[in-house]
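Next come the chains, spelled out residue by residue.
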Amino acid sequence: MAQIDAFDIFVLGAVLVGTVAYFTKGTLWGKRRTASALVGKSNGAAVASTATRSIITKLQDSDRDVVVFYGSQTGTAEDYASRLAKEGHSRFGLKTMVADIEEYDLEDLDTFPEDKVAIFVMATYGEGEPTDNAVVFYEFITGEDPTFSEMEDPEQPLKNLKYVAFGLGNNTYEHYNAVITRLNEGLLKLGARRIGEVGMGDDGAGTMEEDFLSWKEEMWSEFANHVGVQEREAIYEPALKVEESELTIEDTNVYLGEFNKRHLEGTESSPFLPHNPYIAPITLCRELFKSDSRNCLHVEIDLQDSNLKFTTGDHIAVWPQNSDKEVDRFLSVLGLTAKRDDVINVTPIDPTTKVPFPNPTTYDTVIRYHLEICGVVSRQFLASLAPFAPSDEAKAEITKLGNLKDYFSEVVSSRYLNIAQVLERISCGATWSSVPFSLVLESINHIQPRYYSISSSSYVDKTKPHITVVVESIPTTADADPLKGVASNYLLDLKYKREGINNPSPSAVSYATDGPRGRYKGNKVPVHIRHSNFKLPSNPATPIIMVGPGTGVAPFRGFVHERAAQAEAGVPVGTSLLFFGSRNRTEDFLYSEEWEALGEKLGERFRLVTAFSRQGPEKVYVQHRLVENAELVNKLLQDGAYFYVCGDASRMAKDVSASLAKIIAEQRGIAEEQGEEIVKSMRARNLYQEDVWS
């Protein structure tokens, strides 16, 4: 009889295990998906599941009826969640709370009490993706076989959950409001019961706010009928307490714009994230336009001492501040000019409410660094200010603006007025000193970073990302100031101060560019990196087609520089075909001198096609040039080319997509519908990528 050695036993055991695995599909030891198991996949650090991460425990301990979850990338969904929570309390007496969905392990949703309601306010980001803070929950609910805590009813584990749903999206993207749509489908599949219709706001059509307002009125009516609550006269009850302190701005523990305690103490360290940005030196800031009336900046940022990593195609976030002019205007209209440097403490009255900035701090600091005072004005917020109007006339006017959509559009939206400008006009200069500062803090969005496509290659330089920033200064009406982009004009002011000259524009605005306690001296700005899926093919030999008018060319500058550097290093690179468009060759042809040099390095492997819309008898755009080069475009696609679009989502990106479908159909002799299906297939396989904005 042959001896069986250890190796034979090992092999036989492996065969046995494999056989069992094959016939059981791994179910004997396989684990179903749990939310906590997915936490490690989120962008934040993994947090151990504790009682404090149970929303059921939180609702019971804080005696809440309704929780409003948000998934937010830019702050709008968070703002809407906050407004729904406040309105539910003020109009119906509901005990509400707002919750960042990533702060809770939601595996116990199957034990959600029947007498409570969850509201989901979820933004769709990019190509149908959840926001960073909603990734874990989204993957859990929409995945296969999510596992809940008790699973008494495996078929309908969420049968006790009553919910409301509103999504924020952009119809210029193919996957419009995909996140709320798929979450709704997932919740219904798991047995949850929805109250009212799924609301959808459309940023692409510019109707987000009005979509939200019209949806919530119908929703509250159905909510009241379903839950059995009565509407009452809405009254303002603060969730935050604002108290003036005996401290002064000279006290070292007073926050004057620092992001956190380490920034306050001057001991900031990595990891540098959205709530802990890196104060980065700007090593170069130069003008790209050759125009007296418009500006576009090339900015180079030094990350050498930060440990921040980026790859070609990523975004960099710049944290802006409000201009001196708008800070002064806001303080003045609220009657706070004399108290601008007074120190305040802001604390939550409602234990479920968070103070959105560190304190003690000052009125000036809050308004300069923490509130979007130049943002879009909400009709709902205007209506809430009526009880605090300085006169009966002002009260009547602000009530009219809050109630009448068309009138609000004519007076406010068409002029791009900010909240302080509106209040100035309504009261004819009288101060609104009765407005509680807590209402201001609870109603105006928190300032958000501005994201820019990195316009350089990490292959060429890993520590110094570049950005390309068009400076926004949009004429409005004769009786209103130009609309100024907050971050772009901040960078422009920094450029002029760096050069030691005054901005020659009559509408120029200045900023506190030295930052809190002079921490930004030496041309520094707070930044962090946001990683993107907008990437070059992994194989450099793969051809690429890029469509980038205006500053949409930014990531493609990085792409082409990377290809040129790879070619110089002896790496085989594929064809790079770039379509660039602007108004005029002599004024705004971005990086014109660089394209020539890159063309010399890459030879026939690089081709630039330009479209200058205001240089000939007819306006010509990139989509027209795309069609003119249909044969080349189709050939490259058939050779496996990746297709990229960066820039305006509202029209250009749609036109380019439609033009590409038409090119494919005509060049291949198929129906246009088939061309459209091929483009959809390219998107699904990541061969068609977009980095667009509205």
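As shown above, the structure is provided for reference.
Caption draft 1: Broad picture of the packing of helix 9 (residues 324-333) against helix 10 (residues 363-370). Across the interface, helix 9 lies against helix 10 with an axial gap of 10 Å and an inter-helix angle of 130 degrees. It follows that helix 9 is oblique to helix 10 by the angle criterion. In the crossing of helix 9 with helix 10, the sense of the turn from one axis to the other is right-handed. Within the contact between the two elements, helix 9 uses D324, V327, F330 and L331 and helix 10 uses Y363, D364, I367 and R368. Looking at the contact of helix 9 with helix 10, its residues break down into five nonpolar, no polar and three charged.

Caption draft 2: Representation of the pairing of strand 3 (residues 117-125). Burial within strand 3 is extensive, with nine of its nine residues counted as buried. Here strand 3 shows a buried face lined by V117, I119, V121, A123 and Y125 and a second buried face lined by A118, F120, M122 and T124. Across six bridges, strand 1 (residues 66-71) lies against strand 3 in parallel orientation. Bridge assignment links G71 to a residue of strand 3, and that residue is M122. Relative to strand 5 (residues 162-169), strand 3 is paired through seven bridges, and the arrangement is parallel. Bridge assignment links M122 to a residue of strand 5, and that residue is G167. Strand direction decides the pairing type here: strand 3 and strand 4 (residues 129-130), joined by two bridges, are antiparallel.

Caption draft 3: Representation of the packing of aromatic side chains within the structure. Here the structure, examined in full by the defined rule, presents 26 aromatic pairs. Here F559 and Y644 contribute two aromatic rings whose centre-to-centre distance is 5.2 Å and whose plane-to-plane angle is 75 degrees, an arrangement assigned as edge-to-face. Residue F559 is found in helix 17 (residues 554-568), and its partner Y644 is found in strand 22 (residues 642-648); the two are separated by 85 residues along the sequence. For the pair F559 and Y644, a shared accessibility class is recorded, and that class is buried. Taken together, the ring pairs connect F534, F556, F559, Y642 and Y644 into an aromatic cluster. When the ring centre of Y451 is taken as reference, the NZ or CZ atom of R530 above it lies at 3.7 Å. Between the NZ or CZ atom of R683 and the centre of the ring of Y688, over which it lies, the distance is 4.2 Å.

Parameters and conventions
- Residues numbered from 1 in each chain as written.
- Predicted model: local features only at pLDDT ≥ 70, side-chain atom pairs only at ≥ 80, totals over all residues.
- Heavy atoms only, no water.
- Axes fitted to C-alpha atoms, helices over the stretch in contact; angles between N-to-C directions.
- Helix = DSSP H or I, 4+ residues; strand = E, 2+ residues; numbered from the N terminus.
- Parallel < 35°, antiparallel > 145°, perpendicular 65-115°, else oblique.
- Left-handed = near helix turned anticlockwise from the far one by under 90°.
- Contact = heavy atoms within 4.5 Å.
- Nonpolar A, V, L, I, M, F, W, Y, C, P; charged D, E, K, R; others polar.
- Buried < 20%, exposed > 50% of the residue type's maximum accessible area, 1.4 Å probe, protein only.
- Pairing = 2+ DSSP bridges.
- Phe/Tyr/Trp six-rings, centres within 6.5 Å; stacked < 30°, edge-to-face > 60°.
- Lys NZ or Arg CZ within 6 Å of the ring centre and 35° of its normal.

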